Amino acid sequence: QVQLVESGGGLVQAGGSLRLSCAASGRTFSTYTMGWFRQAPGKEREFVAAISWGGVGTYYGDSVKGRFTISRDNAKNTVNLQMNSLKPEDTAVYYCAADSAVLTHFHKRPEVYDYWGQGTQVTVSS
């Protein structure tokens, strides 16, 4: 069982930056593939980024490539999402997710993940 708690959301102007963090409970955090998704009102949940157990392998959604960076600290049981050059279309609730399988391209799909956080709101003003 893994519990996930996101933090770091807020209101920022277009072009600004935010850093989201996800704190995970449990002693097996280092064996989970971690992902970030987002969901805007009236839209489906969208893949943002995923990272492998050791942090070497990553995937990014096309809309955030080159602007967002996912990282993890297994000693602190945290996964982070550094978001730069934010745009109004990045406005959404951002969710952290965990899955025990090895990172593959399937981790771009939300249904693959076993555990989810409650989400944190990110609002980018124009």
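In this text, all values refer to a predicted model and were calculated from it rather than measured experimentally.

(A) Inspection of the pattern of salt bridges at higher detail. Within the structure shown, the criterion is met by four salt bridges. Residues Lys-65 and Asp-62 are paired through a salt bridge, measuring 3.3 Å at the closest nitrogen-oxygen approach. Counted as one network, the salt bridges with shared partners bring together Arg-38, Glu-46, Arg-67 and Asp-90.

(B) Structural detail: the packing of aromatic side chains. Scanning the entire structure with this criterion turns up six aromatic pairs. Where Phe-37 meets Phe-47, the ring centres are 5.6 Å apart and the plane angle is 70°; that geometry is what we call edge-to-face. A residue pair is termed long-range when its members are at least 10 positions apart, and Phe-37 in strand 4 (residues 33-39) and Phe-47 in strand 5 (residues 46-51) qualify at 10 residues. Across the pair, Phe-47 and Phe-37 agree in class, each one buried. Judged by centre distance (5.9 Å) and plane angle (65°), the rings of Tyr-113 and Trp-116 are edge-to-face. The exposure class of Tyr-113 is buried, given its relative accessible area of 5%. Feature note: the residues Phe-37, Phe-47, Tyr-95, Tyr-113 and Trp-116 constitute an aromatic cluster, connected by ring pairs. Residue placement shows Arg-45 over the ring face of Tyr-95; its charged tip is 3.9 Å from the ring centre. Taking the ring centre of Phe-29 as reference, the NZ or CZ of Arg-72 above it sits at 4.6 Å.

Cut-offs and rules
- Residues numbered from 1 in each chain as written.
- Predicted model: local features only at pLDDT ≥ 70, side-chain atom pairs only at ≥ 80, totals over all residues.
- Heavy atoms only, no water.
- Salt bridge = Lys/Arg side-chain N within 4 Å of Asp/Glu carboxyl O.
- Phe/Tyr/Trp six-rings, centres within 6.5 Å; stacked < 30°, edge-to-face > 60°.
- Helix = DSSP H or I, 4+ residues; strand = E, 2+ residues; numbered from the N terminus.
- Buried < 20%, exposed > 50% of the residue type's maximum accessible area, 1.4 Å probe, protein only.
- Lys NZ or Arg CZ within 6 Å of the ring centre and 35° of its normal.

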